[in-house]
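Structural description and commentary
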Amino acid sequence: MKSQAVVTTFLFVFLAMSEQQCPRSWTRFEEACYILPDQNVTWFEARELCMAIAGNLVEVKSADENNFLSSFIKSHAVRGAWIGLEDFVEEGRFVFASNQEVPSYTNWGHGQPDDLNRNQDCVWIPNQPTRWTVGFWDDMECSIKTPTICKDSLRAP
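Here is a short report on the structure shown in this document. It should be emphasised that the depicted structure is a prediction, and the values quoted were computed from it without experimental measurement.

Parameters and conventions
- Residues numbered from 1 in each chain as written.
- Predicted model: local features only at pLDDT ≥ 70, side-chain atom pairs only at ≥ 80, totals over all residues.
- Heavy atoms only, no water.
- Pairing = 2+ DSSP bridges.
- Helix = DSSP H or I, 4+ residues; strand = E, 2+ residues; numbered from the N terminus.
- Salt bridge = Lys/Arg side-chain N within 4 Å of Asp/Glu carboxyl O.
- Core = buried A, V, L, I, M, F, W, Y, C linked by side-chain atoms within 4.5 Å.
- Buried < 20%, exposed > 50% of the residue type's maximum accessible area, 1.4 Å probe, protein only.
- Contact = heavy atoms within 4.5 Å.
- Expected span 1.5 Å × (residues − 1).
- Disulfide = S-S within 2.5 Å.

What follows is about the sheet that holds strand β2 (residues 32–35). Reading across the sheet, the four strands line up as β1-β2-β8-β3 and stay open at both edges, with antiparallel pairing between neighbours. Where the open sheet ends on each side, the last strands, each with one partner, are β1 (27–29) and β3 (56–57). The pairing of β1 with β2 spans three bridges and is classified as antiparallel. Residue Thr-27 lies in a different strand from β2, and its bridge partner there is Tyr-34.

Let us look at the pattern of salt bridges. In total, this model carries three salt bridges according to the counting rule given. A salt bridge links Lys-145 to Glu-45; its shortest N-O distance comes to 3.5 Å. On the criterion of sequence distance, the pair formed by Lys-145 in the loop between β7 (138–140) and β8 (150–153) and Glu-45 in helix α2 (residues 43–52) is long-range, its members being 100 residues apart. Notably, a salt bridge pairs Lys-151 with Glu-65, separated by 2.8 Å at the nearest N-O pair.

What follows covers the nonpolar core. Counting residues in hydrophobic clusters, the biggest one holds 22 residues, and the most contacted among them are Tyr-34, Leu-69, Ile-83, Leu-85, Trp-137 and Ile-149. When residues of this core are traced back to their parent elements, those giving at least two are β2, α3 (63–75), β4 (80–86) and β6 (122–126). Of the residues forming this core, the biggest block, four residues, is contributed by α3. Those residues within four positions of Ile-83 in sequence are excluded, and the remaining contacts are Trp-43, Leu-57, Val-58, Val-60, Val-123, Trp-124, Ile-125 and Trp-137.

Turning next to α3. For α3, spanning 13 residues, the distance from its first C-alpha to its last is 18 Å, which sits close to the expected 18 Å at 1.5 Å a residue. Listed in full, the buried residues belonging to α3 are Glu-65, Asn-66, Phe-68, Leu-69, Ser-70, Phe-72 and Ile-73. Buried residues belonging to α3 abut β1, β2, β4, β6 and β8. Ala-77 occupies a position one or two residues after α3 and carries a positive phi of about 50°.

If you walk across this open sheet you meet the four strands as β5-β4-β6-β7, and the pairing is antiparallel. Each edge of the open sheet is held by one strand with a lone partner, namely β5 (95–96) and β7. Relative to β5, β4 runs antiparallel, the two sharing two bridges. The residue bridging Glu-86 from the neighbouring strand is Val-95, located in β5.

Summed over all chains, the structure comprises three disulfides. The partner cysteine of Cys-50 in its disulfide is Cys-150, sulfur to sulfur 2.0 Å. Across the disulfide from Cys-50 to Cys-150, rotation about the S-S bond amounts to roughly -80°, and the bridge is consequently left-handed. In this pair, Cys-50 is assigned in helix α2 and Cys-150 in strand β8, connecting sequence segments 100 residues apart. Both residues of the pair, Cys-50 and Cys-150, belong to the buried class. By sequence-ordered numbering of the bonded cysteines, the protein has its disulfides arranged as 1-2, 3-6, 4-5.

This part is about the side chain of Asp-152. With respect to the helices and strands, the residue Asp-152 is situated in strand β8. Ignoring any residue separated from it by four or fewer positions in sequence, one finds Asp-152 in contact with Trp-26, Ala-32, Cys-33, Ala-54 and Gly-55.

Next comes the structure, spelled out in structure tokens:
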């Protein structure tokens, strides 16, 4: 009887997890949802935009997620997208925007970050193969307007 209860509980949890889904127009990858809004915004506007649609600027945690994001950016045919990484407090010490933690995974392009003109404090993933290797990160002026990627957790239907 006890083993039947364990199996029933497992099935209930499995079914509940499998029913979680992303909101309409968001794309699922692993256990999260992603959207690339159709707007060019500054990094600060990107952060506000993501919060307004119940997400956060994407904070890349793994090579798999970075590869997904690179493909996601390419599929939307945009020049690149902001991610939630910045070095406002200490130059060269990039941290996640949501919690100020230093990421355990990074994917900087060759020679990056370079803080060109001493005013590049925000990070994006470029999609301009003639200038940058696609999928690698670059620090950029936060006031430049470019697309962004927002991320949110899965939701129950």
